[in-house]
Amino acid sequence: MPAPSQPQQYILLPVNPWFIGFTLVLSLMLNLLPLPRGGWALLVPDWVALSLVFWNIHQPRRVGLLLAWVLGLVMDVNNASLLGEHALAYSILSYAAITMHRRVRWFGISGQIVHVLPLLLAAQGVVLLIRLLVGGAFPGALYFASSVIAVLLWPAISFLYLAPQRRSVDKDENRPI
């Protein structure tokens, strides 16, 4: 008698470092797109933060704090903001994601969303706190909407980023793997 319907468990192939680099550069390019200030631009997720969290959870030995710090400096230069605010936020984000990477991978997508949302909100909170400390105005609660949008994109990002690593469920005798 066949087993009850269970979700397929995939054995993942090793990740290609070029693919990690491609996804991080693509997310950086998405962050660098010129958008008008305010309005709908507040709803655009931080693609770099989302990619960093994903790769810190799934490949913590390949994507670490130094890469997060460098990407944060690039974002600071692009935004013409206080040098180091995104670097600090991304470093804290990466440290927290690496710290809990083993726990998060045990959960399904909905459980991962519950773990990733506080990480993204904390990274945004660090940037906001730095801006408030240097005399900036509070942008309102809509400022945190981009983290919620990013978490809603987590299932799609997870599926797309893991797709090249999935093995075929059906064994093909002509392929070694």
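What counts, and at which threshold
Residues numbered from 1 in each chain as written. Predicted model: local features only at pLDDT ≥ 70, side-chain atom pairs only at ≥ 80, totals over all residues. Heavy atoms only, no water. Helix = DSSP H or I, 4+ residues; strand = E, 2+ residues; numbered from the N terminus. Buried < 20%, exposed > 50% of the residue type's maximum accessible area, 1.4 Å probe, protein only. Contact = heavy atoms within 4.5 Å. Areas by Shrake-Rupley, 256 points an atom, 1.4 Å probe, with all protein chains shown as cover. Salt bridge = Lys/Arg side-chain N within 4 Å of Asp/Glu carboxyl O. 1 Å grid on protein atoms, 1.4 Å probe; cavity = no way out; pocket = protein on both sides within 12 Å on 5 of 7 lines; lining within 4 Å. Points joined across faces, edges and corners; volume = space filled by probe spheres on them. Nonpolar A, V, L, I, M, F, W, Y, C, P; charged D, E, K, R; others polar. Core = buried A, V, L, I, M, F, W, Y, C linked by side-chain atoms within 4.5 Å. Phe/Tyr/Trp six-rings, centres within 6.5 Å; stacked < 30°, edge-to-face > 60°. Patch = residues over 30% accessible without salt bridge, like charges linked within 9 Å, V, L, I, M, F, W, Y side chains within 5 Å.

A. Spatial organisation of the overall build of the chain. When its secondary structure is counted, the chain shows 8 helices and 0 strands. Walking the chain from its N terminus toward its C terminus, one meets helices and strands in the order α-α-α-α-α-α-α-α. For the chain, with 177 residues in total, the buried portion stands at 36%. Across the chain, the fraction of contacts at a sequence separation of at least 24, relative to all contacts at a separation of at least 6, is 69%. Of the roughly 11000 Å² that the chain leaves accessible, carbon and sulfur atoms contribute 68%.

B. Expanded view of unusual backbone geometry. The phi angle at Ala80 is positive, at roughly 55°, despite the residue not being glycine. Residue position: Ala80 is located in the loop between helix H3 (65-79) and helix H4 (85-99).

C. Highlighting the pattern of salt bridges. Using the criterion set out here, one finds 1 salt bridge in the structure. Glu85 is the salt-bridge partner of Arg131, the closest N and O atoms lying 3.0 Å from each other. Of this pair, Arg131 sits in helix H6 (residues 109-133) while Glu85 sits in helix H4, placing them 46 residues apart in sequence. Judged by its relative accessible area of 2%, Glu85 is buried.

D. Layout of the layout of surface pockets. Its volume calculated, the largest pocket comes out at about 950 Å³. Along its surface, the largest pocket is lined by 34 residues, and Arg37, Ala41, Asn79, His86 and Arg131 are the ones closest to its centre. Residue assignment for the lining of the largest pocket shows that the elements contributing at least two residues are helix H1 (17-31), helix H2 (47-58), H3, H4, H6 and helix H7 (145-152). Element by element, the count of residues in the lining of the largest pocket is highest for H6, at 5 residues. Of the residues in the lining of the largest pocket, the class split is 22 nonpolar, 9 polar and 3 charged.

E. Geometry of the nonpolar core. In this structure, Leu52, Val53, Trp55, Tyr90, Leu93 and Leu120 are the most contacted members of the largest nonpolar core, which totals 38 residues. Within the residue set of this core, elements represented by two or more residues are H1, H2, H3, H4, H6, H7 and helix H8 (154-162). Those residues in contact with Trp55 that sit more than four places away from it in its chain are Val15, Phe19, Ile20, Thr23, Leu24, Pro60, Val63, Tyr161 and Gln165.

F. Local environment of the packing of aromatic side chains. This structure, assessed with the given rule, holds 7 aromatic pairs. Seen in terms of ring centroids, Phe19 and Trp55 are 6.1 Å apart; in terms of plane orientation they differ by 85°. Their pairing is edge-to-face. Of the two residues, Phe19 is situated in helix H1 and Trp55 in helix H2; the sequence distance between them amounts to 36 residues. Since its relative accessible area comes to 0%, Trp55 is described here as buried. Geometrically, the ring pair formed by Phe54 and Trp154 is tilted, given 5.7 Å between the ring centres and 55° between the ring planes. On the criterion of sequence distance, the pair formed by Phe54 in helix H2 and Trp154 in helix H8 is long-range, its members being 100 residues apart. Judged by relative accessible area, which is 0%, Phe54 ranks as buried. Since its relative accessible area comes to 0%, Trp154 is described here as buried.

G. A nonpolar patch on the surface, seen in detail. On the surface, a nonpolar cluster with roughly 510 Å² of combined accessible area is contributed by Phe22, Leu26, Leu30, Leu33, Leu35 and Val44. With respect to the helices and strands, the residue Leu30 is situated in helix H1.

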